[in-house]
Amino acid sequence: MSALPATAAPAAERLPLSTVQSPEHAAMANAIRALAMDAVEQAKSGHPGMPMGMADVATVLFTRFLKFDPTDPQWPDRDRFVLSAGHGSMLLYALLYLTGYPDMTIDELKRFRQLGSRTPGHPEFGCAPGVETTTGPLAQGLGNSVGMALAERLLAARFGAEVVDHHTYVIAGDGCLMEGLSHEAISLAGHLRLNKLIVLFDDNHISIDGPTDLAVSDDQLARFRACGWEATRIDGHDPQAIETAIAAARRGERPSLIACRTTIAYGAPTKAGTAGAHGAPLGAAEIAATRSRLEWPYALFEVPAPILGRWRATAARGAEARKAWQRRVSALPGDRHAEFRRVLDRKLPADWRAKVDEYKAKLAAEKPTLATRVASQNAIEVLATSVPELIGGSADLTGSNNTKAKAMAVVTRDNYAGRYFHFGVREHGMAAAMNGIALHGGFIPYGGTFLVFTDYCRPSIRLAAIMHQRVIYVMTHDSIGLGEDGPTHQPSEHLAALRAMPGVQVMRPADAVETLECWELAIARADGPTILSLTRQNLAPVRTTHVADNLCARGAYVLAEAEGERQVTLIATGSEVAVALKARELLGADGVRAAVVSMPCWSLFDRQTQKYRRGVLGAARQPRVVVEAGIGLGWERYLGPKGAFVGMTGYGASAPYQELYRHFGITPEAVAAAAKKLL
């Protein structure tokens, strides 16, 4: 193994090519380099340097270790390969083409970064089989990989290692490890000893601005070891060193970091080892010189049949492994086999809704006064027994978020058979890991924190929406109603900001019945994330008569119609529905006929027919008043030309919540006065 420089050296000192590579390995790795150069050059956009630098590592990983089968890309027991350094997407696309994924043709590589192609600028889940997650925002893939590795351990504990036994491999760069999310992710993985997680660090000492020592001098190996990982450094261009390190990591009892010292744009005569190769095409002259230097005399996008044949042969190993796995699955006992197939097919239990309906009728009869966070915990208690794949946790706020069901044992490094996670104060790490769990399959994840701390989760929430993943966020303490903790913890703008995110289903229930209905919708929704916005303070019941239909499924509905012809419509969400109902009484005493609309979910309401929406909101020119303990941004679409908003205009304050509602004018009297002013 060659000696490694301690710091980045000028490009000229790193130009010599590796002398420890066999011709066969070099040819296979150079196929990746050539395809990456050609695709980026043709697109006149992209990042050629990382794929060229990590081609040797990827070649060893895919040909000697990775368990996959291009003929069945969704094989549940495949190894997961996550390109956290998503800017180097041509590395992944080249590998998918070379190994024979049917949808990744040479024409798709030629369409790199073009509209409608399977080869977007950064890997996007769903664009092509073999892309396990959407990456590009640095460290997100690393965070997802923790969830994937965790899901593998949990699924193996539930169904057995004979049918669940795979690794998660990650390629991460300097940028991934600089992001704060990386620390939350590696800390959690180390704590849980996820020993089937192996991170291959592209340690090329280059970032966009130049050498990484401009901005960072961390000892990454010491950092990972301090978090409970095994860590080693190798020459990333030495195939034997790469193989030895991965083999050792696979035998380890902890997650592993392998720092692969590489040269960005390896083989390029003048741009290797420079920031100029990070995010721009190399240029025709440099590419021609690189081809000559790597002894790659072939035309653009051409991979000779013997080299392509060696790559395609690697898939045969995976096909045999998959067939053996299928035989083991078939040998499972009947009930266990059926349940295993059910969760892998992402189908909910046949009778889960019957238990929800039974509990809903009980709530209508008993009419409990509860904080919706407590109502949520009660709903989780019901769902935990009827939906065994439901797993969840909290970012160190279990007692406040009310996220743990009695039936859920805690997941620890010694017990992966649990269903509840103590994520610690790692909101972003929690959200990224939940995406990974959802992507892996076999479970429906939820996680809790305060609504204000969705700010710490937001990048992962956005990616859950982009990837259409079923992830549930239990966000409590959702307004000034949390009281004395003050404006740092009181969300004012958060509901508006979260509702602005396409594909994110934001739900703010008004009582225990609505909370259960919102949970039912979140569980049933298979194509995107749901945020449950829940109160700290107790709320009186507003749904006191049992209705079999899920009224929240419409997004909004008339909770209390006017007595006679409607004159004004009062619209509210969550804790302010009770405020609107009291305002209706005040207006009625003055002869004003008002209806109250509960609107727990904008996005669901927007999908209803125009006729239904008009029936709920009333005539377009009829007065409407919205009351919500958040800012009014976005409510304009429902207020119409003759409307008023009663709510927050800025941040909150520290005081008992009852006093805060009076102080900020979110009262029945204020709502009634606003309605009268419009008449």
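On a predicted model such as this, the values are computed, not experimentally measured, just so you know.

Asker: Hey, could you run me through the state of the cysteines in this one?
Answerer: Between two cysteines, a covalent bond joining their sulfur atoms is known as a disulfide. Taken as a whole, this structure holds zero disulfides when the rule is applied. No disulfide involves C457; its nearest neighbouring cysteine sulfur is the one of C601, lying 19 Å away. When its relative accessible area of 0% is taken as the criterion, C457 is described as buried.

Asker: I keep staring at the confidence of the model for the protein and nothing clicks. Help me out?
Answerer: When pLDDT is low, close inspection of the predicted coordinates is not appropriate. Per-chain confidence: the protein averages 96 in pLDDT, with 98% of residues scoring 70 or above. Averaged pLDDT values for the elements of the protein fall to 95 in helix α12 (residues 305-330) and rise to 99 in strand β3 (residues 197-203). A low-confidence stretch, residues 1-15 (pLDDT under 50), is modelled with 28 contacts involving residues beyond four sequence positions or located in other chains.

Asker: Explain the environment of A674 here, please?
Answerer: Within the secondary structure, A674 is located in helix α26 (residues 668-678). Residue A674 is classed as buried on the basis of its relative accessible area of 15%. C-alpha separation for the pair A674 and A644, spaced 30 residues apart in sequence, amounts to 6.6 Å. Apart from the residues within four sequence positions on either side, A674 is in contact with V625, A644 and V646.

Asker: Would you mind showing me how to read the sheet that holds strand β16 (residues 557-560) here?
Answerer: Paired through backbone hydrogen bonds, the strands of a sheet run either parallel or antiparallel to each other. As summarised here, the arrangement of the five strands in space is β16-β18-β17-β19-β20, forming an open sheet in which the pairing is mixed. Each having just a single partner strand, β16 and β20 (643-648) make up the two edges of the open sheet. Adjacent strand axes in the sheet meet at a mean angle of 30 degrees when their direction is disregarded. As defined by bridge partners, strand β17 (residues 568-572) adjoins strand β18 (residues 594-598) across five bridges and the pair is classed as parallel. Bridging from a neighbouring strand, I571 pairs with V597 of β18. Here helix α23 (residues 610-617) sits on the sheet and contacts β16, β17, β18 and β19 (624-631); the angle it forms with β16, its principal contact strand, is near 25 degrees.

Asker: Is there a simple way to think about the pairing of strand β12 (residues 472-476) in this case?
Answerer: Within a regular strand, side chains alternate between the sheet's two faces. With five of five residues buried, β12 is to be regarded as a mostly interior element. Residues I472, V474 and T476 of β12 are buried on one face, and the alternating residues Y473 and M475, pointing to the opposite face, are buried as well. Here five bridges tie strand β11 (residues 444-450) to β12, and the two strands are oriented parallel to one another. When the bridges of β12 are listed, G447 appears paired with Y473. Regarding topology, helix α18 (residues 454-466) serves as the crossover connection from β11 to the parallel β12, and that connection is right-handed. Here β12 runs beside strand β14 (residues 530-533); their pairing, made up of four bridges, is parallel. Residue pairing in the sheet places I472 in a bridge with T530 of β14.

Conventions adopted
Residues numbered from 1 in each chain as written. Predicted model: local features only at pLDDT ≥ 70, side-chain atom pairs only at ≥ 80, totals over all residues. Heavy atoms only, no water. Disulfide = S-S within 2.5 Å. Buried < 20%, exposed > 50% of the residue type's maximum accessible area, 1.4 Å probe, protein only. pLDDT = per-residue confidence, 0-100. Helix = DSSP H or I, 4+ residues; strand = E, 2+ residues; numbered from the N terminus. Contact = heavy atoms within 4.5 Å. Pairing = 2+ DSSP bridges. Axes fitted to C-alpha atoms, helices over the stretch in contact; angles between N-to-C directions. Right-handed = clockwise from strand over helix to strand, strands pointing away.

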